[in-house]
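Residue-level structural notes
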Amino acid sequence: MKKLIFPLLFTASALNLTAQTAYKASLFGCMSDGITLNTRSIQTAVNTISSRGGGMLHFYVGRYLTGTVFLKDNVTIVLHEGATLVGVPSVYDYAGPSDAPKGLIVAEGQSNVGIVGSTPERELDTNVVGNGIIQGQGALLVANAETQIARGYLNGTPGQASPALISFSGCTGVKITGLMLQGAAGDAVTYRNCRNVETARLLIDSRETPASNGIVADGCENLNVADNFIHVSGKAIRTARSKGVKTNNNKTPAGKL
């Protein structure tokens, strides 16, 4: 029996090491000056890491301006304390899944993906909240959408053009934890038809635009929403057609949900 167990343990350990391989965003040319548009360099980093079997893309202190980034299989973005992903305030820099809202960080049909504000060794510390920041510049984005619509360059409404901070569709094994989410133009976090999702220890402050919801899930399965503080202009948590949803110890300024 021992001969059988050892290879299995070794294989699992090896896979785990591969999944946790660390990469610095700066090695891919990502600039933290808050001015340089990093969309292409961040996407290159994600694509490269996924093609190598997966790993963690680490962002350190600074402001990283970006448009939509598509997460790929087995890639986790890690935003350390002092690191901020800043959404560029132009509606033309955003895209989304085929059946879900546009977003700053997007994933469609991917497995084992995440955005975290704490490294694995600190995951057991329930006090780790909001290490890294995702900032949407929602008011500027909506103003840009209104201008483009008024000039006839863009169809629809400002709401339809306004991206979420995070928009995932058809994904399995999602982890979004330990972050501060600020100023979404649309909703802060949206999931559509996702399975096995953990959304925990988020500090969501999204009041720049009207009806910005905190966490929205549609058609999802096994969704754990725990220990979040949500201050938004819309609803804190909204679920539809979902099963296996657990909401524990989530709070708003008015108290527990």
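We now turn to the structure provided with this report. These numbers come from a predicted model, not from an experiment.

Definitions and cut-offs
- Residues numbered from 1 in each chain as written.
- Predicted model: local features only at pLDDT ≥ 70, side-chain atom pairs only at ≥ 80, totals over all residues.
- Heavy atoms only, no water.
- Helix = DSSP H or I, 4+ residues; strand = E, 2+ residues; numbered from the N terminus.
- Expected span 1.5 Å × (residues − 1).
- Buried < 20%, exposed > 50% of the residue type's maximum accessible area, 1.4 Å probe, protein only.
- Arc of directions from axis to C-beta.
- Contact = heavy atoms within 4.5 Å.
- Pairing = 2+ DSSP bridges.
- Axes fitted to C-alpha atoms, helices over the stretch in contact; angles between N-to-C directions.

**A closer look at helix H3 (residues 138–150)**
For H3, with 13 residues, the first-to-last C-alpha span of 18 Å sits near the 18 Å given by 1.5 Å per residue. Residues of H3 that are buried include every one of Gly138, Leu141, Val142, Asn144, Ala145 and Gln148, and no others. On an axial view of H3, the arc spanned by its buried residues comes to 160 degrees, and they lie on one face. Close packing links the buried residues of H3 with helix H4 (158–161). Immediately downstream of H3, the backbone of Gly152 shows phi near 85 degrees, a positive value.

**Observations regarding the sheet that holds strand S21 (residues 243–248)**
The eight strands lie next to each other as S1-S3-S6-S9-S12-S15-S18-S21, forming an open sheet whose pairing is parallel. Both edges of this open sheet fall to strand S1 (22–24) and S21, since each of them pairs with a single strand only. Strand-to-strand, the axes of this sheet are offset by a mean angle of 10 degrees, without reference to chain direction. Relative to strand S3 (residues 55–59), S1 runs parallel, the two being bridged by three bridges. Bridge pairing in S3 places Ala22 opposite Met56. Sitting on the sheet, helix H2 (residues 39–51) touches S1, S3 and strand S6 (75–79), and the angle it makes with S3 is about 155 degrees.

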